[in-house]
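Now for the letters of each chain:
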Amino acid sequence: MGGEANKDDIEGNKIFFLYPTNSIQSQIIDELIQQEYEAYAAKDHSRLSSALKKYPASIIFVNIDERMPEPEWEKWITSHLKILPDLKFGIFSSTSDEEIKDKYINKLKIPCGFMMLKLDMSHTIDKVLESLERTNVKGRRKYLRACAENDLKSTLNLPFNEEYINGNIVDISVVGISCKLEREMELKKNTLYKDIQIRLQSTLIKVDAVILGSRENNGGKMYVMLFTQRTDPETKVKIRKYIQQNMQSKMDAEIN
């Protein structure tokens, strides 16, 4: 358990939104990703139950208006807490029943709040963020990173001596990228390369980056590059959106 706790402290915890509405998806999950939280949409509570055994310190925001009557959701939550006491729950609902709210807040003492479902979630996101900060969800991890080694539609073109060298992305975050080039080259440490073209699925971005170093990776040389501080904010938004899609796709496969 000590090793698992230490891993959570370093990497942070996963956040699941169970049966999210369109508003939760577009306004809350997207915003959490932009703030470097590892957040997922989940649309099958039975299959999520199995995944939670692997991630026993996760945070789950449940939309209790979906799939089951509210008393069944109470049973579902309490049964999980008996088995996985480190789980933390929050509730979304459109109910105005004060007894139901009181039950979750004061009886079950859910730590991540009881929030109303509505079309405009702009104020709700502040409450969600407050609960996540309080529970130290991020741990010591600062940036989300997507592994793209098997994503053949995500590539890199590096300008070198008046030509472009093609490469495959190993992983990417908003602060840097690791890649393998189609031919091995000597890229000197601390060298600045401008107008690097990166394709993330159907999204094309350009960045400037400094070579941080290289190392052997699965029989080939992997180069690590650090983006410059001049990276456009909109470019960072696009990178995070790709990271979200990449991570969600892998989590869907794991859950299903």
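Preceding this section is the structure that the text describes.
Residues numbered from 1 in each chain as written. Predicted model: local features only at pLDDT ≥ 70, side-chain atom pairs only at ≥ 80, totals over all residues. Heavy atoms only, no water.

A. Inspection of the overall build of the protein chain at higher detail. Within the protein chain, the secondary structure is distributed over 7 helices and 12 strands. With the C-alpha coordinates aligned to their principal axes, the bounding extent of the protein chain is approximately 70 × 40 × 30 Å. When burial is assessed residue by residue, the protein chain has 51% of its 256 residues classed as buried. Of the roughly 13800 Å² of accessible surface on the protein chain, a fraction of 47% belongs to carbon and sulfur atoms. Here the protein chain holds 38 positive side-chain charges and 38 negative ones, and the gap between their average locations is 3 Å. (Helix = DSSP H or I, 4+ residues; strand = E, 2+ residues; numbered from the N terminus. Buried < 20%, exposed > 50% of the residue type's maximum accessible area, 1.4 Å probe, protein only. Areas by Shrake-Rupley, 256 points an atom, 1.4 Å probe, with all protein chains shown as cover. Lys, Arg positive; Asp, Glu negative; His and termini not counted. Charge placed at Lys NZ, Arg CZ, Asp CG, Glu CD.)

B. Region of the structure containing the pairing of strand E4 (residues 88–93). Across the 6 residues that make up E4, a large majority, 5, are buried. Note: strand E3 (residues 59–63) against E4, 5 bridges, orientation parallel. If you follow Ile59 over to E4, its bridge partner there is Lys88. Regarding topology, helix H4 (residues 70–83) serves as the crossover connection from E3 to the parallel E4, and that connection is right-handed. With 3 bridges joining them, E4 and strand E5 (residues 114–116) adopt parallel strand pairing. (Pairing = 2+ DSSP bridges. Right-handed = clockwise from strand over helix to strand, strands pointing away.)

C. Quick look at the packing of helix H2 (residues 22–34) against helix H6 (residues 124–134). Between H2 and H6, the least distance of the axes is 10 Å, while the angle of their chain directions is 45 degrees. Classified by the angle their axes make, H2 and H6 are oblique. Viewed along their axes, H2 and H6 form a crossing whose handedness is right-handed. Residue-level contacts link Ile28, Glu31 and Leu32 of H2 to Thr124, Ile125, Val128, Leu129 and Leu132 of H6. (Axes fitted to C-alpha atoms, helices over the stretch in contact; angles between N-to-C directions. Parallel < 35°, antiparallel > 145°, perpendicular 65-115°, else oblique. Left-handed = near helix turned anticlockwise from the far one by under 90°. Contact = heavy atoms within 4.5 Å.)

From the geometry alone we can't say anything about function, so treat these as descriptive.
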